[in-house]
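This is what each chain is made of:
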Amino acid sequence: EPEVTQTPSHQVTQMGQEVILRCVPISNHLYFYWYRQILGQKVEFLVSFYNNEISEKSEIFDDQFSVERPDGSNFTLKIRSTKLEDSAMYFCASIRGKYSNTEAFFGQGTRLTVV
Amino acid sequence: AQSVTQLDSQVPVFEEAPVELRCNYSSSVSVYLFWYVQYPNQGLQLLLKYLSGSTLVKGINGFEAEFNKSQTSFHLRKPSVHISDTAEYFCAVSDASGGYNKLIFGAGTRLAVHP
């Protein structure tokens, strides 16, 4: 069964460092997303990506965040200068079609710890 | 804008007992409704979804949910739980009028099934 894969599963980084979280969406999917879940809080939408550009972003997704689909298979989330409050579980998701009734498939997440 | 409220952060229950996990939503537009499950150290998996039609929807693992438009609720039920149902359950909505399918999640309910 096709699945969304995320690497690494856990990353520890020092405050101020850049991190790149990687995701490989399901191959025939067209819409890609990043969500995050701070420990003990709800899962929050960060950004959606379609046709090689951001289609929507939340207020959390400020200038320190960026996304890219560099090679047609990977989908990355870059945090330019990490802060302690960026510590969270980051989930990648992909959807095959445009409409909201299409199921979103989630990866297992990357736990980012900023120290 | 949409929001989701999961009224119980934790629900303890004995094995083979019935369970109901409550979810209420708020939205100014029509929505689609989803329940996702997160097992320990895993990603989010779709349990079931309501798009249109019958208000009672059945999902995987014996779960079902009922959409109640007048009460803006989408409660999840299972008549007899197993130890393996121990997990975090998330209710989510998305805008049915179009857009890029972002999901708005509730805070989650931790279901703990005891022998």
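Each remark here, short or long, concerns the structure printed above.
Residues numbered from 1 in each chain as written. Chains lettered and ligands numbered in written order. Predicted model: local features only at pLDDT ≥ 70, side-chain atom pairs only at ≥ 80, totals over all residues. Heavy atoms only, no water.

Student: Could you give an account of the state of the cysteines, naming the residues involved and the relevant values?
Tutor: All names here are of chain A. Under the definition given, this model contains 2 disulfides over all chains. The disulfide bridge from C23 ends at C92, spanning 1.9 Å between sulfur atoms. One quick way to see it: the torsion about the S-S bond of C23 and C92 is about -65°, and its sign makes the bridge left-handed. Pair noted here: C23 is in strand β3 (residues 19–24) and C92 is in strand β9 (residues 88–95), with a separation of 69 residues, a long-range link. A single burial state applies to C23 and to C92, both of which are buried. (Disulfide = S-S within 2.5 Å. Helix = DSSP H or I, 4+ residues; strand = E, 2+ residues; numbered from the N terminus. Buried < 20%, exposed > 50% of the residue type's maximum accessible area, 1.4 Å probe, protein only.)

Student: Hey, could you go over the nonpolar core for me, with residue numbers and the actual values?
Tutor: Core analysis: the largest hydrophobic core is formed by 28 residues, its most contacted members being W35(B), L48(B), F74(B), L76(B) and Y89(B). When residues no more than four places from it in sequence are discounted, the contact partners of L48(B) are L33(B), F34(B), W35(B), V57(B), K58(B), G59(B), F63(B), E64(B), A65(B), F74(B) and L76(B). Within the second largest apolar cluster, 23 residues are counted, among which are V47(A), F49(A), F61(A) and I79(A). (Core = buried A, V, L, I, M, F, W, Y, C linked by side-chain atoms within 4.5 Å. Contact = heavy atoms within 4.5 Å.)

Student: How would you sum up unusual backbone geometry? Please name residues and give values.
Tutor: Each neighbour pair has its own omega, and for T7(A) with P8(A) the value is -10°, a cis peptide bond. Examined against the element boundaries, P8(A) turns out to sit in the loop between β1 (5–7) and β2 (10–13). Unusually for a residue other than glycine, N52(A) sits at a positive phi of about 65°. Mapped onto the elements of the fold, N52(A) is located in the loop between β5 (43–50) and β6 (53–57). The phi angle at E16(B) is positive, at roughly 75°, despite the residue not being glycine. With respect to the secondary-structure elements, E16(B) resides in the loop between β2 (10–14) and β3 (19–21). Residue class for E16(B) comes out exposed when judged on its relative accessible area of 61%.

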